[in-house]
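Examination of the molecular architecture
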Amino acid sequence: MPPLLIPLLLLLLLLCFLASGFLRLLLRQFRSPLRHLAGPPSPSLFMGNLEEMHDQENTNLIARWVHAYGSTFVYRGFVGGCRLMTTDPVAVAHVLGNAYDYPKPDFVRDSLASMVAGQEGLLTVEGEDHRRQRKILTPAFSAPRVKSLSPIFWDKATQLRDIWLSQLPASDDIGREKSITRVDVLIWLGRATLDVIGLAGFGYTFDALTDDTNELARAFNVIFSTARKFRVITILQAWFPFLRRFRRNNATMIQAQATMRRIGLSLIDEKRKAVEQEALSPKFNASEKEMKGRDLLSVLIRSNMSSEPNQRMSVDEVLCQISTFLTAGHETTSSALSWCLYALSRSPLSQSRLRDALLELEGQVTEERDLTDVVGACTYLDWVVRESLRLHAPVTNTMRVCMRDWDEIPLSQYPSSFSSSSPSSSSSTSAASASVEAGGQGGEGKMGKGRGGAVDRYGRRRASIQVRKWDIISVPIQAINKSEEFWGEDAGVFRPERWAAPPKDARAIPGLYSNTLTFLNGNPLGGNRACIGYKFALVEIKIFLYVLLKDIEFSIDPAMVIEKKVK
């Protein structure tokens, strides 16, 4: 046998292995029933519509697509694969409600895992593992426990306010109350919320507001920053995992992950010893022990001492929760606060009205209601937070993949004159596929505009969408939150007063919070993937806004252009 034959055969086998996965992907895409639906043209055979979607928040892309093709249509992904996009509330409720039959695609989970969430964190696990983890973690986010953490919110909000005020001229300078200084609120709020989640989540002191040398903070930033830029190689690495070993700064990433693991293990060991000592101490009764270690990690350690296996997590699972909640409890909250201050800067009247309302709150404190309760019940503050989270959702889109062999996704009701035209689904849903001539292939009044139904490539309007295993569905959270169909003609305008009488059409949105999808859905039919920490986030946001806005007036250079980028 020639000496080069064996290496060549091995290389050939490797190429065949890689090609087989790619060919399976192409075959699935070719067989998908989604290929019969209408949608926008693809500018690239290789990248589909993905690159233009990276800038969707600045171009109003999704709203233009909805206007042209209706509430449910297809766009093109990697190598031209059809992906379903829907703003139809019935379809959204079906997909998000049946969370375990419509999990995140593998490439999304892998991206989240590499972006510090880990393979065994709450964001990335599915099915029974997710159900078990969520059951263990839910008590840590109850309203009483969140309130018990509010002193941390107050402390860090006050510290941030004092830092910003210290950048103004000295207190005895004439005109100090009218002086102006420029700050990058996103950077500072990121430091403050990192401090909050460090203490409230794990009893760990970052001191990010005053010290930028913390090694855990630096390791976290190194890992998380990999998601900042859109690159073609990122798409290829999602589909071809062997390419991930060629990532930029791979050695730096490995070192940062090792740092996070070392410090995480140290935190777990420290908390375990504290909980064990606390359990043996006769000085505390049961309720006092529960409140003493009130951070998330202490809750996990106590749960791991349970005799019930379904109440325990492995060490790797606990480590992944640390990185998961560092991400979810820091990046998204700082982003939400930054956009809220941006909206208030663009709307001076709303900011002034909010400040007037906040200045009255201290007088409402009683023995039964402390300042945290009073702030949480402030009507106009609540309107501002709802409106800001509607217009500026920290997560703008979520993606799911069908894991049923076949399914039919129901859509909003259309006239009963529709006639069945497709085979019935083998899934549990009873929705039937139906179609009717829609009178053309594009334009308002044909394909476009109006809730319900979907138009196929042949101009027929369908009352449900047939999908098969591995078909991908995108739910454009921000586009639904800003849809004129649900929120009226001024849907894109920051107007907190709309919450005095929210539009009735918005009730159709199956959101967990205020008929928005900012924290995902509130109809967990088969698996609950809604934000577990939304109460934590709302209390933290309201306390920060109270502390900052009561003493500081925010404005923005009108010439400054602020853009959103989809990561």
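Structure: above.
Residues numbered from 1 in each chain as written. Predicted model: local features only at pLDDT ≥ 70, side-chain atom pairs only at ≥ 80, totals over all residues. Heavy atoms only, no water.

1. A short note on the overall build of the protein
Our working rule: In this description a helix means any DSSP run of H or I spanning at least four residues, a strand means any run of E spanning at least two, and both kinds are numbered starting from the N terminus. Partly exposed residues are those whose accessible area sits between 20% and 50% of the maximum for their type, while under 20% is buried and over 50% is exposed, using a 1.4 Å probe and protein chains only. Residues count as neighbours in contact if any of their non-hydrogen atoms are within 4.5 Å of one another. In short, Shrake-Rupley with a 1.4 Å probe defines the accessible areas, and a residue's cover is counted only from the protein chains shown.
Check the secondary structure of the protein and you find 23 helices and twelve strands. Each of the 567 residues in the protein was classed as buried or not, and the buried ones make up 51%. Looking at the protein alone, contacts between residues at least 24 apart form 73% of all its contacts between residues at least 6 apart. Summed over all atoms, the accessible surface of the protein reaches about 27,000 Å², with 56% contributed by carbon and sulfur.

2. Side note on the packing of helix α9 (residues 150-166) against helix α10 (residues 185-202)
Short version of the rule: Lines fitted to C-alpha atoms define the axes here, with helix axes fitted over just the stretch in contact, and angles between the N-to-C directions of these axes take values from 0 to 180 degrees. Here roughly perpendicular refers to angles of 65 to 115 degrees, roughly parallel to angles under 35, roughly antiparallel to angles over 145, and oblique to all remaining angles. Definitions for this section: a left-handed crossing has its near helix turned counterclockwise from the far helix by less than a right angle. A right-handed crossing has that turn clockwise. All amino acids are sorted into three groups, where Ala, Val, Leu, Ile, Met, Phe, Trp, Tyr, Cys and Pro are nonpolar, Asp, Glu, Lys and Arg are charged, and the leftover types, Gly among them, are polar.
Axis separation between α9 and α10 bottoms out at 10 Å; the angle between their running directions is 155°. Between α9 and α10, the crossing angle belongs to the class labelled roughly antiparallel. Here α9 and α10 pass one another in a crossing that is right-handed. Each of I152, F153, K156, L160, I163 and W164 in α9 lies in contact with α10, whose residues at this interface are V185, W188, L189, A192, D195, V196, L199 and A200. Considered class by class, the residues forming the contact of α9 with α10 number twelve nonpolar, no polar and two charged.

3. Quick word on the side chain of H392
Here is the rule we go by: Here a polar contact is recorded for every N or O atom pair within 3.5 Å, except that within protein the pair must consist of a potential hydrogen donor and a potential acceptor, and residues adjacent in sequence are included only if both atoms are side-chain atoms.
Along the polypeptide, H392 turns up in the loop between α20 (379-391) and β3 (398-401). You can call H392 buried: its relative accessible area is 10%. Within polar-contact distance, the side chain of H392 engages the side chain of K564 at 2.9 Å. Discounting chain neighbours no more than four positions away, the residues touching H392 are W339, Y342, A343, Q478 and K564.

4. Overview of the sheet that holds strand β10 (residues 472-475)
Note on sheets: strands pair through backbone hydrogen bonds, and any given pair is parallel or antiparallel. Inclusion rule: For two strands to be treated as a pair, DSSP must find at least two bridges joining them.
Strands sit in the order β1-β2-β10-β3 across an open sheet of four strands; the sheet is mixed. The strands lining the two open edges of the sheet, one partner per strand, are β1 (72-76) and β3. The mean angle between the axes of side-by-side strands here comes to 30°, regardless of whether they run parallel or antiparallel. Two elements, β1 and strand β2 (residues 82-86), share five bridges in a ladder whose sense is antiparallel. The residue bridging V74 from the neighbouring strand is L84, located in β2. Of the strands in this sheet, β1 and β2 are in contact with helix α4 (residues 61-69), which crosses β1 at around 125°.

5. Some details on unusual backbone geometry
Within the chain, W470 stands out as a residue other than glycine whose phi angle is a positive 85°. Turning to its location among the elements, W470 is positioned in the loop between β9 (464-468) and β10. The class for W470 is partly exposed, based on a relative accessible area of 38%. Even without being glycine, L520 reaches a positive phi, approximately 70°. Residue position: L520 is located in strand β12 (residues 516-521). Residue L520 is classed as buried on the basis of its relative accessible area of 11%.

6. A word on the nonpolar core
As a reminder, the rule being used: Residues belong to a common nonpolar core when they are buried Ala, Val, Leu, Ile, Met, Phe, Trp, Tyr or Cys residues joined through side-chain atoms within 4.5 Å.
In this structure, W164 and F202 are the most contacted members of the largest nonpolar core, which totals 101 residues. Sorting elements by how many residues they give to this core places helix α23 (residues 534-551) first, with ten residues. Residues in contact with W164, not counting those within four places in the same chain, are T181, V183, V185, W188, L189, L548, I552 and F554.

7. Regarding the environment of D295
Among the structural elements, D295 can be located in the loop between α14 (286-292) and α15 (296-304). Classification of D295 by relative accessible area gives buried; the value is 6%. Considered as a pair, D295 and V146 are 149 residues apart in the sequence and their alpha carbons are 9.4 Å apart. For D295, the side chain forms a polar contact with the side chain of K271, separated by 3.0 Å.

8. Some remarks on the pairing of β12
Regular strands place side chains that alternate from one sheet face to the opposite one. Counting buried positions along β12 yields six of six residues, so the element is predominantly enclosed. Bridge count for strand β11 (residues 511-513) against β12 is two bridges, and the pairing is antiparallel. In the strand pairing of β12, Y513 is matched with T516. Joining the antiparallel neighbours β11 and β12 is a turn of two residues, in which S514 adopts a positive phi near 55°.

9. What to know about the packing of aromatic side chains
Condition: Only rings of Phe, Tyr and Trp enter the pairing, Trp through its six-membered ring, and a pair is recorded when the two centres are within 6.5 Å. The plane angle decides the type: under 30 degrees is stacked, over 60 is edge-to-face, the rest tilted. Lysine and arginine charges are scored as sitting over a ring when NZ or CZ, respectively, is within 6 Å of the ring centre and within 35 degrees of the ring normal.
Using the criterion set out here, one finds 15 aromatic pairs in the structure. Here W65 and Y75 contribute two aromatic rings whose centre-to-centre distance is 6.3 Å and whose plane-to-plane angle is 20°, an arrangement assigned as stacked. Remark: Y75 occurs in strand β1 and W65 occurs in helix α4; sequence separation between them is ten residues. Each member of the pair, W65 as well as Y75, is classed as buried. Geometrically, the ring pair formed by Y204 and F206 is edge-to-face, given 4.9 Å between the ring centres and 75° between the ring planes. Residue Y204 is classed as buried on the basis of its relative accessible area, which comes to 15%. For F206, a relative accessible area of 3% corresponds to the buried category. By the ring-pair criterion, three or more aromatic residues cluster together here, those being W65, Y69, F73 and Y75. The cationic tip of R390 hangs over the ring face of W487; the distance from NZ or CZ to the ring centre is 5.2 Å. Here the guanidinium or amino end of K564 rests over the ring plane of W339, the centre of that ring lying 4.6 Å away.

10. Quick word on the pairing of strand β4 (residues 406-410)
Burial runs high along β4: four of the five residues are buried. When β4 meets β9, the two strands line up antiparallel, connected through five bridges. Note that in β9 the partner of I409 across the bridge is I465.

11. Thoughts on the environment of R109
Along the chain, R109 turns up in helix α6 (residues 106-117). Looking at R109, the relative accessible area reads 23%, which means it is partly exposed. Each C-alpha atom of the pair R109 and L123 lies 7.8 Å from the other, and the pair is 14 residues apart in sequence. If sequence neighbours within four positions are ignored, R109 has contacts with K104, T124, V125 and E126.

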